[in-house]
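An overview of the molecular structure
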Amino acid sequence: NKQRREILLGKKLRGFGTGKYNGFGGRLEESKEIDPTPAHGAMRELAEESNLSLPLGAFTSVGTLSFTFEDRVGEKMAVHLFHVDVSFEEDVVTTSSTDDYGLLLGGDD
């Protein structure tokens with residue numbers, strides 16, 4: 001039985017990137033009580049943007065991207081990347097429960 005490998009993306013419904021598909025994420029909260037690690041921030045953002053609540057142990061760090069900006073000398077941004085294995089009972093996942101995202105589940109059919 002071949003396991004399907006899919007990726008979950010959110011379609012931006014408003015704000016920057018409206019109509020574009022993207023992974024879930026955002027800024028870490030300044031308060032260490034809210035986001036003590038990047039994995040905590042990823043867990044919180046996924047729940048806020050997709051209504052998927054997963055345990056911290058489901059998030060595996062797979063890398064960090066570092067960005068600099070030509071128009072903002074000295075400013076840097078780090079993007080932490082995580083892999084999460086989940087199983088869904090249905091092939092298609094949609095939601096209207098968040099203001100910013102709709103969901104798309106696509107794979108390697």
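Bear in mind that the values here come from a model prediction, so they are computed numbers and not experimental data.

Quick word on a nonpolar patch on the surface
- On the surface, V62, L65, F67, M77 and L81 cluster together into a nonpolar patch covering about 410 Å² of accessible area.
- Among the elements of the structure, β3 (59-69) and β4 (72-84) are those that each provide at least two residues to the nonpolar patch.
- Here the element with the most residues in the nonpolar patch is β3; it accounts for 3 residues.

Observations concerning the confidence of the model for the protein chain
- Per-chain confidence: the protein chain averages 79 in pLDDT, with 75% of residues scoring 70 or above.
- Here strand β5 (residues 101-107) stands out as the least confident element of the protein chain, with mean pLDDT 50; β3 is the most confident, with 93.
- Low pLDDT (under 50) marks residues 104-109, which in the prediction has 19 contacts with non-local residues, meaning those over four places away or in another chain.

Section: the packing of aromatic side chains
- For the coordinates displayed, the defined rule picks out 1 aromatic pair.
- Centroid distance F59 to F82: 6.3 Å. Interplanar angle 80 degrees. Geometry classified as edge-to-face. Taken together, the residues span a long stretch of sequence, with F59 in strand β3 and F82 in strand β4 at a distance of 23 residues.
- Relative accessible area serves as the criterion here: at 11%, F59 is assigned to the buried category.
- Using a relative accessible area of 24% as the deciding quantity, one classes F82 as partly exposed.
- Sitting above the plane of the F69 ring, R72 keeps its charged end 4.2 Å from the centroid.

Regarding the pairing of β4
- Bridge count between β3 and β4: 10 bridges; the pairing is antiparallel. The residue bridging G63 from the neighbouring strand is L81, located in β4.
- Counting the residues in the hairpin turn of β3 and β4 gives 2 residues.

Comments concerning the side chain of D35
- Residue placement: D35 occurs in the loop between β2 (21-22) and α1 (38-50).
- Among the residues examined, D35 registers a relative accessible area of 2% and is labelled buried.
- Of the polar contacts made by the side chain of D35, one reaches the backbone nitrogen of E29; its length is 2.7 Å.

Regarding the pattern of salt bridges
- Under the counting rule described, the total for this entry stands at 6 salt bridges.
- R44 is the partner of D35 in a salt bridge, and the nearest nitrogen-oxygen pair spans 2.7 Å.
- Here R44 falls in the buried class, since its relative accessible area comes to 14%.
- Salt bridges sharing partners connect three or more residues here, namely E29, D35, R44, E45 and E48.

A few points about the side chain of K12
- You can see K12 is positioned in strand β1 (residues 6-12).
- Judged by relative accessible area, which is 15%, K12 ranks as buried.
- For K12, the side chain forms a polar contact with the main-chain oxygen of R14, separated by 3.5 Å.

So, how was this worked out
Residues numbered from 1 in each chain as written. Predicted model: local features only at pLDDT ≥ 70, side-chain atom pairs only at ≥ 80, totals over all residues. Heavy atoms only, no water. Patch = residues over 30% accessible without salt bridge, like charges linked within 9 Å, V, L, I, M, F, W, Y side chains within 5 Å. Areas by Shrake-Rupley, 256 points an atom, 1.4 Å probe, with all protein chains shown as cover. Salt bridge = Lys/Arg side-chain N within 4 Å of Asp/Glu carboxyl O. Helix = DSSP H or I, 4+ residues; strand = E, 2+ residues; numbered from the N terminus. pLDDT = per-residue confidence, 0-100. Contact = heavy atoms within 4.5 Å. Phe/Tyr/Trp six-rings, centres within 6.5 Å; stacked < 30°, edge-to-face > 60°. Buried < 20%, exposed > 50% of the residue type's maximum accessible area, 1.4 Å probe, protein only. Lys NZ or Arg CZ within 6 Å of the ring centre and 35° of its normal. Pairing = 2+ DSSP bridges. Polar contact = N/O pair within 3.5 Å; in protein donor to acceptor, adjacent residues only side chain to side chain.

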